[in-house]
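Chain by chain, the residues run as shown.
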Amino acid sequence: MPHLSYAPTASPLIHSVDTGDFVVLELSSDVGSAALSSLYPNKAEWELLKQGTRGVLEKLAAEKTLSFRSYQLCIWQERYVFADDSALCYQHLDGAAQPFGTPKCISYSSIEFVGPFDETQFVLKCEKRAYTFLCDSTEERTRWIKNIAALSGCSSSTEICLKSKTMGN
């Protein structure tokens, strides 16, 4: 194992246990934190990842469920979902399926886990709540999971786990 010398710097040093690489994380003095985009050595790669993380998905309404005995009515809402440098965002769609209104954003730093709920749904487990999204296919669901995990740096899985059936609640 090579000997590593460490000289204190003002910028944090991040070690990738997967590759063994070290990255100096440059922090701007006015912000005090950094976006994960600064960890990508290739800005074009980051932009491509963001471009591949946009489209219309159905989002499970957080509080608009009706229960009757053992049945529960879930409300799905179409949303335009897209990635920016610091968050996964979603917007309402108008009658012509165009995004409108102020986007709601889920900060990457709040995402703890992203994984499948079933073949076409995935769940974002965040600090304060969980978000469930519905895709058209398993392939699309897997692409969203992988992209969100790469953008946010959170843990993820593309395999359905029986225990994940309770994460959306």
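Heads up: the structure comes first, above all this text.
Bear in mind the structure is a predicted one, so any value in this text is a computation, not a measurement. Each chain carries its own residue numbering, running from 1 in the written order of its sequence. Where totals are concerned, whole chains, interfaces and linings use all residues; where local detail is concerned, this predicted model gives features only for residues with pLDDT of at least 70, and gives and counts side-chain atom pairs only at 80 or more. Side-chain numbers here rest on the full set of heavy atoms in the structure, without hydrogens or water.

Draft legend 1. Fine view of the overall build of the chain. Numbering of helices and strands runs from the N terminus, with a helix taken as a DSSP run of H or I at least four residues long and a strand as a DSSP run of E at least two residues long. Counting secondary structure elements, the chain contains two helices and twelve strands. Taken from N to C terminus, the helices and strands of the chain fall in the order β-β-α-β-β-β-β-β-β-β-β-β-α-β. Residue burial in the chain is summarised as follows: out of 169 residues, 33% are buried. Within the chain, counting contacts between residues at least 6 apart in sequence, those at least 24 apart form 41% of the total. Looking at the chain as shown, the accessible area adds up to about 10,900 Å², and 55% of this sits on carbon and sulfur atoms. We call a residue buried when its accessible area falls under 20% of the maximum for its residue type, exposed when it is over 50%, and partly exposed in between, using a 1.4 Å probe and counting protein chains only. It only takes one pair of heavy atoms within 4.5 Å for two residues to be counted as in contact. Where accessible areas are quoted, they stem from the Shrake-Rupley method and a 1.4 Å probe; at the residue level, only the protein chains shown are allowed to cover.

Draft legend 2. The nonpolar core, seen in detail. Think of a nonpolar core as a cluster: buried Ala, Val, Leu, Ile, Met, Phe, Trp, Tyr and Cys residues, connected wherever their side-chain atoms sit within 4.5 Å. Residues L88, I111, V114, F122, L124, W144 and I148 are the most contacted members of the largest nonpolar core, which totals 23 residues. Those elements giving two or more residues to this core turn out to be α1 (43–51), β6 (76–83), β7 (87–93), β9 (111–116), β10 (121–126), β11 (130–134) and α2 (138–152). Looking at this core element by element, the count peaks at five residues for α2. When sequence neighbours within four positions are dropped, the list of residues in contact with I111 reads I106, L124, K125, C126, I148, S152 and C154. Counting residues in hydrophobic clusters, the runner-up holds five residues, among them Y80, F82, A87 and C89.

Draft legend 3. Structural view of the side chain of S110. In this structure, S110 sits in the loop between β8 (99–107) and β9. A residue is classified by how much of its surface remains accessible, and S110, at 14% relative accessible area, is buried. If we skip the residues at most four places from it in the chain, S110 touches K125, C126 and E127.

Draft legend 4. Representation of the packing of α1 against α2 within the structure. A fitted line through C-alpha atoms serves as each axis, taken over the contacting stretch for helices, and the angle formed by two N-to-C directions is quoted from 0 to 180°. Closest axis-to-axis distance for the α1/α2 pair is 10 Å, and the angle between their directions is 140°. Judged by the inter-axis angle, α1 sits oblique to α2. Judged by the twist between their axes, the crossing of α1 over α2 is left-handed. Residues W46, L49 and K50 of α1 form the contact with α2, whose participating residues are N147, A150 and L151. Charged residues are taken to be Asp, Glu, Lys and Arg, nonpolar residues to be Ala, Val, Leu, Ile, Met, Phe, Trp, Tyr, Cys and Pro, and polar residues to be all remaining types, Gly included. Here the contact of α1 with α2 is composed, by residue class, of four nonpolar, one polar and one charged. Convention used here: angles under 35 degrees read as roughly parallel, angles over 145 as roughly antiparallel, angles from 65 to 115 as roughly perpendicular, and any remaining angle as oblique. By convention the crossing between two helices is left-handed if the near helix lies anticlockwise of the far one by an angle smaller than a right angle, and right-handed if it lies clockwise.

Draft legend 5. Structural view of unusual backbone geometry. Even without glycine at this site, A97 takes up a positive phi of about 60°. The topology assignment puts A97 in the loop between β7 and β8. Look at A97 and you get partly exposed, because its relative accessible area is 44%.

Draft legend 6. View of the packing of aromatic side chains. Only rings of Phe, Tyr and Trp enter the pairing, Trp through its six-membered ring, and a pair is recorded when the two centres are within 6.5 Å. The plane angle decides the type: under 30 degrees is stacked, over 60 is edge-to-face, the rest tilted. If you walk through the whole model with that rule in mind, you get five aromatic pairs. Between the aromatic rings of F122 and F133, the centroid separation amounts to 5.4 Å while the plane-to-plane angle is 25°, which identifies the pairing as stacked. Taken together, the residues F122 in strand β10 and F133 in strand β11 connect sequence positions eleven residues apart. For the pair shown, F122 and F133 are each scored as buried. Taking 6.4 Å as the distance between ring centres and 15° as the angle between the ring planes, the aromatic pair formed by F122 and W144 counts as stacked. Of this pair, F122 sits in strand β10 while W144 sits in helix α2; the two residues are 22 residues apart in sequence, bridging distant segments of the chain. One aromatic cluster is present, built from ring pairs that chain together Y90, F122, Y131, F133 and W144. Comment: the charge-over-ring label is applied if NZ (Lys) or CZ (Arg) is within 6 Å of the ring centre and within 35 degrees of the ring normal. The positively charged end of R129 is found above the aromatic ring belonging to Y131, 3.8 Å away from the centroid.

Draft legend 7. Quick look at the pairing of β11. Judged by how many residues are buried, β11 sits mostly within the fold: four of five residues are covered. Any two strands between which DSSP finds at least two bridges are classified as paired. Strand direction decides the pairing type here: strand β3 (residues 54–60) and β11, joined by two bridges, are antiparallel. The residue bridging K59 from the neighbouring strand is F133, located in β11. Where β10 hands over to β11, the hairpin turn is made up of three residues, counted between the paired strands.

Draft legend 8. Local environment of α2. How far a helix is expected to stretch is found by multiplying one less than its residue total by 1.5 Å. Spanning 15 residues, α2 covers 21 Å between terminal C-alpha atoms, matching the ideal 21 Å at 1.5 Å per step. Within α2 the residues assigned to the buried category are E140, R141, T142, W144, I145, N147, I148, A149, L151 and S152.

These figures capture arrangement, not role.
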